Every structure is written in C-alpha cells, then in structure tokens.
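Architecture and fold: a report
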Amino acid sequence: MEVPKTSTTLRFALLLTAAGGFLDAYTYISRGGVFANAQTGNVILMAIDLSERHFHAARAHLWPILAFIVGVAFAHLLKGELAHSVFDHPIRIAMVAQIVVLVAVAFVPANVPNALVTVPIAFVAAMQFGLFRTIGSLSYIAVATTGNLMRFTESAYAGFIEKVPESRQHTRVYAAIVSSFAGGAVLGAFATRYFGGSAAWIPAALLTVALILFYVDDVRRRRP
C-alpha cells in the first residue's frame, strides 16, 4: 500500500490547524490583542487604530503583518531547488525551526515588548501557510478558517443538495479542519489564561507530533 505524502494527510493538517487556532488565541489574550495568524484581523485593527490616531497601537499590528510577508517568501525559498540542493529535507528543517521559535517564546517574560512574541509567531504562521496547503487533492489553510468554512459550505451543498457522493467526503474533511482550528482556539484561550506565556509549549508539542509523522511514514515506506 502506497503511503501518502505526510504533509498532505488529514492527521498532519489537523495538528497544524489546531496549533494555528491556539496561537491566535494565545497572542490575542497575552500580547495586546494582536493576532498571530489572522493578518486580516491585524490589518483591520491597524486601520482602526490609524483612524483614531493611535499610532503606537497601529505599529503593534504592523510588525506581525510584515513578519508574515517575510515568512511566506521564506517558505517559497524552502520549496525551491536551491533549498533542496543544500538540505535533504528542508521542510522538516522548517518544522524544527517553528518548534524552536515557540519553545523560545514560552520563556519571554510578559513585561517585554509584545513584538518580541508576535513577530516570530507571525513568521512561523506564514511558513505554515506557505508550505502546507493541501490534504490530498483538497486545498485548505492551516492558519485561518474563513476559506475552510467556505469550502465546507460548498462541499456540503454539492454533497447533500446536488447529491455528489465525493463532495460528502470533502465535507467531512473540511468539518474536521474547521473543528480542529476552533478547538485549538478554545484550548489556547484556556491554556493562556491558566499558564500565561508558557502555554506556547502546547502548540510546540503539536508541531513536534506533526514532525514525528514524517519519520513514522518513512518507516512505513521502507517496509516490504
């Protein structure tokens, strides 16, 4: 039996989306109402702050937006031929880097500037967005849920109204993804209020499990 590409499996996507929901709740609660992943929210909040001439507050939303842009560009670099000519598994190295960032963030005191937390997390989120976008033949977004909700609704309509059997399976996949993101956000809210900054270890653990899946699937592929 052929083992599918690890980064395109549902189990991998569920771990990433749970971490994504967690991190948005984490930074919003612990770091001044700034989102880690949802750059649409940051753009809107920055615009509101600018309209009210709260320039310092607006800058707090600007830095993660810029970090997200750099992170997406870096993700594309990792997918290119140059990265593969230097590293055997550049995507796995990116996963390790994301885990290291989140572990380090957990040690950052609450009284330091929020940008020291929101900027590296936004960079991590952008790498996830740039590197991991498919579950089999389906597209999804690991760091936000609007697009996934739209695809869930379209699949449900096609599956249950237009009676397309394949779309019913797609509906279940997107329902799982949306639920994972929401569940991660709920866990992030509770964990951040209870553990504070050290709650960042939880999404680091989720990404560690996702990284381990690469090696588990390597072993499965080598089996006769």
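For the structure itself, consult the block above.
Residues numbered from 1 in each chain as written. Predicted model: local features only at pLDDT ≥ 70, side-chain atom pairs only at ≥ 80, totals over all residues. Heavy atoms only, no water.

Our next topic: the overall build of the protein chain. The number of helices and strands found in the protein chain is nine helices and two strands. Overall, the protein chain shows an N-to-C arrangement of helices and strands of α-α-α-α-α-α-β-β-α-α-α. Taken against the 2.2 N^0.38 rule, which gives 17 Å for 224 residues, the C-alpha radius of gyration of the protein chain at 18 Å falls within 12% of a compact globule. Considering only C-alpha atoms, the protein chain reaches an extent of 60 × 45 × 35 Å along its principal axes. Taken across its 224 residues, the protein chain has 45% of its residues classed as buried. (Helix = DSSP H or I, 4+ residues; strand = E, 2+ residues; numbered from the N terminus. Rg over C-alpha atoms; globule rule 2.2 N^0.38 Å. Buried < 20%, exposed > 50% of the residue type's maximum accessible area, 1.4 Å probe, protein only.)

Pairs can form between side chains of opposite charge once their charged atoms are near each other. Following the criterion strictly, the structure yields three salt bridges and no others. A salt bridge links Arg220 to Asp217, with the shortest nitrogen-to-oxygen separation between them at 3.2 Å. Here Arg220 pairs with Asp217, and both are found in helix α9 (residues 201–222), just three residues apart, close to one helical turn. Taking relative accessible area as the criterion, Arg220 reaches 35% and is therefore assigned partly exposed. With a relative accessible area of 0%, Asp217 lands in the buried category. Overlapping salt bridges bring together Arg11, Asp217 and Arg220 as one network. (Salt bridge = Lys/Arg side-chain N within 4 Å of Asp/Glu carboxyl O.)

By size, the foremost hydrophobic cluster in this structure holds 47 residues, and its most contacted members are Phe12, Leu16, Tyr26, Met95, Ile121, Phe132 and Tyr140. Among the elements of the structure, α1 (10–30), α3 (55–79), α5 (90–105), α6 (115–131), α8 (165–195) and α9 are those that each provide at least two residues to this core. Looking at this core, the element that brings in the most residues is α1, giving nine residues. For Tyr26, the residues in contact, after removing those within four places along its chain, are Arg31, Val105, Val117, Ile121, Thr192, Gly196, Gly197, Ala199 and Ala200. (Core = buried A, V, L, I, M, F, W, Y, C linked by side-chain atoms within 4.5 Å. Contact = heavy atoms within 4.5 Å.)

This part covers the packing of aromatic side chains. Here the structure, examined in full by the defined rule, presents six aromatic pairs. Ring plane angle 80 degrees and centroid distance 5.4 Å describe the contact between Phe12 and Phe214, whose orientation is recorded as edge-to-face. A residue pair is termed long-range when its members are at least 10 positions apart, and Phe12 in helix α1 and Phe214 in helix α9 qualify at 202 residues. A relative accessible area of 0% places Phe12 in the buried class. The interplanar angle of 70 degrees and the centroid separation of 5.4 Å between the aromatic rings of Phe107 and Trp201 together place this pair among those described as edge-to-face. You can see Phe107 sitting in the loop between α5 and α6 and its partner Trp201 sitting in helix α9, a full 94 residues away along the chain. Since its relative accessible area comes to 58%, Phe107 is described here as exposed. Through a chain of ring-to-ring contacts, three or more aromatic side chains come together here, namely Phe12, Phe132 and Phe214. Taking the ring centre of Phe129 as reference, the NZ or CZ of Arg133 above it sits at 4.8 Å. (Phe/Tyr/Trp six-rings, centres within 6.5 Å; stacked < 30°, edge-to-face > 60°. Lys NZ or Arg CZ within 6 Å of the ring centre and 35° of its normal.)

In this model helix α2 (residues 39–51) runs 18 Å from its N-terminal to its C-terminal C-alpha over 13 residues, within 8% of the 18 Å that 1.5 Å per residue would give. Phi for Arg53, located one or two positions after α2, is positive at around 60 degrees. (Expected span 1.5 Å × (residues − 1).)

A positive phi angle, near 60 degrees, is found at Arg53, a position not held by glycine. Considering the arrangement of structural elements, one finds Arg53 in the loop between α2 and α3. You will see that Lys163, though not glycine, has its phi angle at about 60 degrees, which is positive. Mapping Lys163 onto the fold places it in the loop between α7 (146–161) and α8. A relative accessible area of 55% places Lys163 in the exposed class.

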